[in-house]
Amino acid sequence: MGRGVLPMGETIMVMSSDQRPRHGAGDAPPAAESIDRRTMVRRSAVVLAGTAGLLAAPAMLGTAAAESGDSLRLGGRNRADDAQTRLQSTTTVATLSVLNEHVRRQEPDDDVDLVAAQLRLEGPVAGAARPQVPDVGTMAAGDLAAAGGLLYFGAEAGDFDVVPSQVFTSYFANYLHPVPARHATVLDTRTLTVADRARFPAEDLDSAGRLVAARRIAVDLRVLVNTSSVPPRAAVALSLLVFGAAQSGVLSIYPDETGPDGLGVLAYAVLPGAVTANGAPLALPASGAAVVGLDAEDRLWLSVSSTAHVVVQVTGLFVPDPTAVVDTVETLLATSPYARRVQRQRQALRRLTAGTVPFK
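Residues numbered from 1 in each chain as written. Predicted model: local features only at pLDDT ≥ 70, side-chain atom pairs only at ≥ 80, totals over all residues. Heavy atoms only, no water.

A. Quick peek at the pattern of salt bridges. In this structure the tally under the stated criterion is nine salt bridges. Between Asp196 and Arg199 there is a salt bridge, with its nearest N and O atoms 3.6 Å apart. Linking Arg215 and Asp204 is a salt bridge whose minimum nitrogen-to-oxygen distance equals 2.8 Å. Separated by eleven residues along the polypeptide, Arg215 in the loop between α2 (194-197) and β10 (217-220) and Asp204 in the loop between α2 and β10 bring together distant segments of the chain. The buried category is assigned to Asp204, whose relative accessible area is 4%. Salt bridges linked by common partners bring Glu203, Asp204 and Arg215 together as one network. (Salt bridge = Lys/Arg side-chain N within 4 Å of Asp/Glu carboxyl O. Helix = DSSP H or I, 4+ residues; strand = E, 2+ residues; numbered from the N terminus. Buried < 20%, exposed > 50% of the residue type's maximum accessible area, 1.4 Å probe, protein only.)

In structure tokens, the structure reads:
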């Protein structure tokens, strides 16, 4: 029998090679042995699709890629060559949202989540001949942007306001933290208690509690700052007072316990009895200010060239990281949402940096 095209609606009888039709001439084929032509077409399409799938399967095992002009594919590397890739929308809703579902919670009340970087730029825009300045006025909290050789950070300024702030590194600047007046006084030899005097060697103080001449003492500032887990050393802004000096002299600051000669930051005077009304020497009160560095243990070293009472007050801290600022009772007991969030963030950062080796 020759091959031909079957008219629509006709049927084909299916039989095995060793069988012959058992119906008589002119009888209709049994319904169970007939297949509609449309059914055969559908079955043929399924077979062809399965064959095509076998051929395409090896190609699907490779890394996803999109050539320049193709659709962006997720789950693999996309190469656009020199062409620009852009997300653009005319609506007011967000066009792209990048979320990180892997979160480590380390706070009991889940106030702080530790997450990895969500979106990272691996290099500058290809072919960018002009400097690109971001619109820092529209930065959201946590955004980073670089412009004019400076790094900007979208910082929370309280009450969920966001302020674009310049980010300084410890290489050329530090974080400035003002110290409240009630916590400023770290040494006052006029009011030392017995327990306070016990922290100094006996030869450092005279019977009146004054600092003895040429004795270098350490003032521990760990009550205000602790840089044990963050580099580098801290600096402090000081207010210095001298009272009741035995003779005129100079108060000097030293970098550490055994370092070279210090820097004179405050001169004080004592009027001789020859020029006073009662003929007795008169020690003039003296005051001064300085910004000085601390040693690796956050201690301030100082001495006086003649015996005198010394008062040291810290008005500000210059630290490499906000976590180096020691929390006070007031900050620990703060109840505002913003203060609690800052407190939780500092605690989380301290845990992250606790195992690091500081660079001093």
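Anyway, onward from the coordinates.
B. View of the sheet that holds strand β17 (residues 299-304). Read from one edge to the other, the open sheet built from four strands follows the order β10-β17-β12-β13, with strand pairing classed as antiparallel. Edge positions in the sheet fall to β10 and β13 (263-268), since each has one partner strand and no second. For this sheet, the mean inter-axis angle between neighbouring strands, taken without regard to orientation, is 30°. (Pairing = 2+ DSSP bridges. Axes fitted to C-alpha atoms, helices over the stretch in contact; angles between N-to-C directions.)

C. Representation of unusual backbone geometry. Positive phi values are uncommon outside glycine, yet Ala214 reaches one of about 65°. Note on placement: Ala214 falls in the loop between α2 and β10. The phi torsion at Asp298 lies on the positive side, around 60°, for a residue other than glycine.

D. Highlighting the side chain of Thr227. Structurally, the position occupied by Thr227 is in the loop between β10 and β11 (235-243). Taking the relative accessible area as the measure of exposure, Thr227 reaches 0% and is therefore buried.

E. Molecular detail of the pairing of strand β12 (residues 249-254). Along β12, five of the six residues are buried, which leaves the element largely enclosed by surrounding structure. Of the pairings in the sheet, the one linking β12 to β13 comprises five bridges and is antiparallel in character. Paired with Ser252 across the two strands is Gly264, which belongs to β13. Relative to β17, β12 runs antiparallel, the two sharing four bridges. When the bridges of β17 are listed, Ile253 appears paired with Leu302.

F. Structural detail: the sheet that holds strand β7 (residues 162-167). Pairing is antiparallel across the open sheet formed by three strands, whose spatial order is β5-β6-β7. Unpaired on one side and paired on the other, β5 (144-147) and β7 mark the two borders of the sheet. For this sheet, the mean inter-axis angle between neighbouring strands, taken without regard to orientation, is 35°. Taken together, the six bridges between strand β6 (residues 150-156) and β7 define a ladder with antiparallel strand orientation. Of the residues in β7, the one forming a bridge with Ala155 is Val163.

G. Region of interest: the nonpolar core. Counting residues in hydrophobic clusters, the biggest one holds 39 residues, and the most contacted among them are Leu251, Leu300 and Leu317. Residue assignment for this core shows that the elements contributing at least two residues are β10, β11, β12, β13, β16 (286-293), β17 and β18 (309-319). Every residue in contact with Leu300, bar those within four places of it in the chain, is listed here: Ile217, Ala218, Val219, Leu221, Leu238, Ile253, Val292, Leu294 and Val312. (Core = buried A, V, L, I, M, F, W, Y, C linked by side-chain atoms within 4.5 Å. Contact = heavy atoms within 4.5 Å.)

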